[in-house]
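# Structure assessment
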Amino acid sequence: MRKYSVFAVAREALRGHTGWEKQWTSPEPKKEYDVIIIGGGGHGLGAAFYLAKEHGITNVAVIEKGWLGGGNTGRNTTIIRSNYLYEESMDIYEHSLKMWENLSQELNYNVMYSPRGVMMLSHTVHDKQTFMRHVHANRLYGIDNEWLTPEQAKDYCPPLDIAASARYPINGAALQRRGGTARHDAVAWGYARAATDRGVHVIQNTEVTGIRRGPDGAVIGVETTRGFIGAKKIGVSASGHNTAIMSMADVRVPLHSNPLQALVSEPMKPIFPCVVMSNTVHAYISQSDKGELVIGAGTDQYVSYSQTGGLQIITHTLDAICEIFPIFRRVKMMRQWGGITDNTPDRSAIQSKTPVKGLYVNCGWGTGGFKATPGSAHLFAHLIARDEPHKLAAGLTLDRFRSGRLVDEAAAAAVAH
């Protein structure tokens, strides 16, 4: 029996789509593009699509060091929600959630968005006060969020243990019913296909090694492993590696990279109906369409580009999962990985012009990158095309680090993911 990699299977499935095979195998780059986007994940490919679709800019190249969706887009736990606390966060994540709801139709590609609900468990008085604050803030802002009693949480998610004698007793939960999951790498493939249909070049297996600037200091193109490629504008959206790329243009960004831990179980029949998260014990869980339990943990406390991470984070998370959901104690884990997160001091994103003319950056999404994908891509395209931030992203520029006007969603977020 012939064996295929996941990406080979995807390519076989897409055969017959006009123009796709040529783009998939990386076309010979043009000498110059109107826009180059560095990073072939969901944010970068999505921005290229919206540049073409909404701004009429089709002379665009997305340059990816590896393969499409091979970075954080394909290495996350696929959770989608918008129940953040501060307006800057609620604006962009709610914008993104609304786009998720119709993304398969817009791209004519099934991204498998599933609004199964995201439930956040409360274990302490402090948890309850924090979640109630989120619920009220969200509802005042027009975003759905509601408070559940332990019994209502159990009804919504039957595997949950709400016994008073539990190691982590549950005194309630916040629920966003519109939240859910999607197929991570399908988002990259969908955006890539839709973008190439509109004339965008997707150039894989090509590493950017330098950013070239003209006499006036403005960008004029990028040095790559396939030679120099000219560009009038450059957008950088390479999660986990933005610091290194921006340094090529002598731009410093307030980021540090950490591995974020996750793992999946052996496949099972459908048993888990939603996404459940616990901040107190820092564990979250859902079930994929293939039947695997997708379990997320925390970030390692050291700066690293590793895509494996430390074992102690995983064992702590599994201990917590087994306490909250005792029926999973005999389930075997199948594989573990670490995604590389770009984190800012306030754990909120940056989408901004830079001091270098023609250079734009989309970074710092930390653990919120996947859920922000369509909204971030949409607003990043606006920034590049019009040379000014969209009003929904106006609070996410680099200027806030000069003025001290930090969003600080890390201190406010019910969980970091």
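Look up a bit, the structure's there.
Just so we're clear, the structure is a prediction, and the values are computed from it rather than from any experiment. (Residues numbered from 1 in each chain as written. Predicted model: local features only at pLDDT ≥ 70, side-chain atom pairs only at ≥ 80, totals over all residues. Heavy atoms only, no water.)

Summed over the entire model, instances satisfying the criterion amount to nine aromatic pairs. Aromatic side chains Y50 and Y191 sit 5.7 Å apart centroid to centroid with 70 degrees between the ring planes, which places their arrangement in the edge-to-face category. Placement of Y50 in helix α3 (residues 42-55) and of Y191 in helix α8 (residues 184-197) is noted, with a sequence separation of 141 residues between them. Take Y50: its relative accessible area is 1%, and that puts it in the buried class. A ring pair is formed by W100 and F370, whose centres lie 5.2 Å apart and whose planes are at 40 degrees; its orientation type is tilted. With a gap of 270 residues between them, W100 in helix α4 (residues 87-100) and F370 in the loop between β18 (359-363) and α11 (373-386) connect regions that are remote in the sequence. Comparing W100 with F370 shows no difference in burial state: the two are buried. Here the basic side chain of R81 rests over the ring of Y84, its NZ or CZ set 4.4 Å away from the ring centre. The ring of F228 carries R212 above its face, with NZ or CZ at 3.8 Å from the centroid. (Phe/Tyr/Trp six-rings, centres within 6.5 Å; stacked < 30°, edge-to-face > 60°. Helix = DSSP H or I, 4+ residues; strand = E, 2+ residues; numbered from the N terminus. Buried < 20%, exposed > 50% of the residue type's maximum accessible area, 1.4 Å probe, protein only. Lys NZ or Arg CZ within 6 Å of the ring centre and 35° of its normal.)

Another aspect to go through is the environment of A192. Looking at where A192 falls in the secondary structure, it is placed in helix α8. Note: C-alpha distance between A192 and V62 (130 residues apart in sequence) is 9.2 Å.

Next up on the list: the nonpolar core. Counting residues in each nonpolar core, the largest one holds 40 residues, and the members touching the most others are L45, Y50, L51, W100, L107 and Y191. Mapped by element, the contributors of at least two residues to this core are β1 (32-38), α3, β2 (60-63), α4, α5 (103-107), α8 and α11. Ranked by residue count, the leading element in this core is α8, at eight residues. Residue contacts for W100: discarding those within four places in its chain leaves I80, V111, Y113, A182, V187, F370, K371, T373 and P374. Y33, I211, I234 and I350 belong to the second-largest nonpolar core, a separate cluster that totals 27 residues. (Core = buried A, V, L, I, M, F, W, Y, C linked by side-chain atoms within 4.5 Å. Contact = heavy atoms within 4.5 Å.)

On to the packing of α3 against α8. Axis separation between α3 and α8 bottoms out at 8 Å; the angle between their running directions is 25 degrees. Taken together, the axis directions place α3 and α8 in an arrangement best described as roughly parallel. Crossing geometry of α3 relative to α8 is assigned as left-handed. Mapping the contact onto sequence places G42, L45, G46, F49 and Y50 in α3 and A188, Y191, A192, A194 and A195 in α8. (Axes fitted to C-alpha atoms, helices over the stretch in contact; angles between N-to-C directions. Parallel < 35°, antiparallel > 145°, perpendicular 65-115°, else oblique. Left-handed = near helix turned anticlockwise from the far one by under 90°.)

Before going further, it helps to spend a moment on α3. The end-to-end C-alpha distance of α3, which contains 14 residues, comes to 19 Å, matching closely the 20 Å that a straight helix rising 1.5 Å per residue would cover. With respect to burial, α3 is a largely interior element, 11 of its 14 residues being buried. Restricting attention to buried positions, one finds in α3 the residues G42, H43, G44, L45, G46, A47, A48, F49, Y50, L51 and A52. Positive backbone phi, approximately 70 degrees, marks G56, located one or two places after α3. (Expected span 1.5 Å × (residues − 1).)

For a regular strand, side chains alternate in direction, first toward one face of the sheet and then toward the other. Where burial is concerned, most of strand β6 (residues 172-176) is hidden: five out of the five residues are buried. A two-sided burial pattern is seen for β6, the buried positions comprising G172, A174 and Q176 on one face and A173 and L175 on the other. Summarising the sheet, strand β4 (residues 118-122) and β6 pair through five bridges and their orientation is antiparallel. Bridging across to β6, S122 finds its partner in G172. (Pairing = 2+ DSSP bridges.)

Geometry only, nothing functional implied.
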